[in-house]
Amino acid sequence: MTTDHRPPTAEELAIRALVQADVAEIARWVAATPLWQRYRVSEASFAERLSNGRASDATIFVAEQAGRVLGFVWLVERGAFNRSAYIQLIGVRPEARGSHVGRALMEFAETHAQSREMFLLVSDFNLDAQRFYQRLGYRQVGQLDSYVVADVSELIFWKKL
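Residues numbered from 1 in each chain as written. Predicted model: local features only at pLDDT ≥ 70, side-chain atom pairs only at ≥ 80, totals over all residues. Heavy atoms only, no water.

Draft legend 1. Focus on helix α5 (residues 127-135). Those residues of α5 that fall on the buried side of the exposure criterion are A129, Q130, F132 and Y133. In an axial view of α5, the angular spread of the buried residues amounts to 160°, which keeps them on one side of the axis. Residues of α5 that are exposed and angled more than 90 degrees away from the buried face: D128 and R135. Elements in contact with the buried residues of α5: β4 (84-92), α4 (101-112), β5 (117-123) and β7 (153-160). (Buried < 20%, exposed > 50% of the residue type's maximum accessible area, 1.4 Å probe, protein only. Helix = DSSP H or I, 4+ residues; strand = E, 2+ residues; numbered from the N terminus. Arc of directions from axis to C-beta. Contact = heavy atoms within 4.5 Å.)

Draft legend 2. Local environment of the pattern of salt bridges. In total, this model carries 11 salt bridges according to the counting rule given. Note that E64 is salt-bridged to R16, the shortest N-O span being 2.9 Å. Taken together, the positions of E64 in strand β2 (residues 59-65) and R16 in strand β1 (residues 13-17) put the pair 48 residues apart, joining distant regions of the chain. The class of E64 is buried, set by a relative accessible area of 18%. (Salt bridge = Lys/Arg side-chain N within 4 Å of Asp/Glu carboxyl O.)

Draft legend 3. A look at the packing of aromatic side chains. For the structure on display, the rule yields nine aromatic pairs. Here the aromatic rings of Y133 and Y138 are separated by 6.1 Å at their centres, their planes lie at 70°, and the arrangement is edge-to-face. Taken together, W29, W36, F46 and F72 form an aromatic cluster joined through their ring pairs. In this structure, R38 is placed above the aromatic ring of F125, and the distance from its NZ or CZ to the ring centre is 4.0 Å. (Phe/Tyr/Trp six-rings, centres within 6.5 Å; stacked < 30°, edge-to-face > 60°. Lys NZ or Arg CZ within 6 Å of the ring centre and 35° of its normal.)

Draft legend 4. Structural context of the environment of V122. Tracing the backbone shows V122 in strand β5. When the C-alpha atoms of V122 and F157 are compared, they prove to be 7.4 Å apart, with 35 residues separating the residues in sequence. Sequence-distant contacts of V122, defined by excluding residues within four places in its chain, comprise A129, Q130, Y133, S153, E154, L155 and F157.

Draft legend 5. Representation of the nonpolar core within the structure. Residues I87, V101, M106, M118, L120, Y133 and Y138 are the most contacted members of the largest nonpolar core, which totals 27 residues. Listed by contribution, the elements that provide at least two residues to this core are β2, β3 (68-80), β4, α4, β5, α5 and β7. The biggest single contributor to this core is α4, with five residues. V41, V62, W74 and V152 belong to the second-largest nonpolar core, a separate cluster that totals 20 residues. (Core = buried A, V, L, I, M, F, W, Y, C linked by side-chain atoms within 4.5 Å.)

Draft legend 6. Structural view of helix α3 (residues 43-55). Helix length check: α3 (13 residues) gives 18 Å between terminal C-alpha atoms against 18 Å at 1.5 Å per residue, within 8%. The complete set of buried residues in α3 reads F46, A47, L50 and G53. An end-on view of α3 places all buried positions within 125° of arc, on one side of the element. Opposite the buried face of α3, by more than 90 degrees, sit the exposed residues A44 and A55. Check the buried side of α3 and you find it contacts α1 (20-31), α2 (34-38), β2, β3 and β4. With its phi angle positive at about 60°, D57 sits one or two positions after the end of α3. (Expected span 1.5 Å × (residues − 1).)

Draft legend 7. Representation of unusual backbone geometry within the structure. Residues other than glycine seldom take positive phi values, yet R40 does so here, at roughly 60°. The exposure class assigned to R40 is exposed, which follows from its relative accessible area of 66%. Despite not being glycine, F81 has its phi angle at roughly 60°, a positive value. Position of F81 relative to the elements: it lies in the loop between β3 and β4.

Draft legend 8. Looking closely at the packing of α1 against α3. Viewed as axis vectors pointing N to C, α1 and α3 meet at an angle of 145°, and their least axial separation amounts to 8 Å. Considering the relative orientation of α1 and α3, their crossing is right-handed. Residues Q20, V23, I26, A27, R28, V30 and A31 of α1 form the contact with α3, whose own contacting residues are E43, F46, A47, L50, S51 and R54. Here the contact of α1 with α3 is built from residues that sort into eight nonpolar, two polar and three charged. (Axes fitted to C-alpha atoms, helices over the stretch in contact; angles between N-to-C directions. Left-handed = near helix turned anticlockwise from the far one by under 90°. Nonpolar A, V, L, I, M, F, W, Y, C, P; charged D, E, K, R; others polar.)

Pasting the structure below:
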């Protein structure tokens with residue numbers, strides 16, 4: 001069996017709402033990712049978080065190619081200062097990174113947002129993510145030291161949509 005790792009085209013990549021059947025698979029690869037492990041995310045805790053999000057009608061989208069979920073984005077419409085859109089979480093399956101899945105999810109969230117601004121947090125040690133957001137037009141506007149995890153600063157990124 002051959003695995004095709006070429007970047008998906010816009011026609012091949014579908015973005016849709018998260019369904020319960022997606023939760024276990026996403027939780028599995030999220031919990032196996034070192035970045036998420038640093039935040040003490042387990043498969044069970046992440047599955048519960050996604051399920052609770054679905055139950056409360058959270059806006060969570062997945063990117064899918066050929067029936068396989070490659071990433072997700074969790075958008076909170078007025079999650080920043082009860083005014084601006086906020087990306088609460090975004091994740092791309094490790095083997096799909098660099099294949100435009102994250103970009104497609106961010107662009108989808110931006111066009112879906114009812115706000116004219118988008119905020120997100122990114123870990124100070126996650127330089128690849130910082131560069132990714134900067135390429136999309138985001139800029140750092142603040143920093144929260146030890147906000148989620150001790151000795152890790154969360155950088156506040158913002159973009160005018």
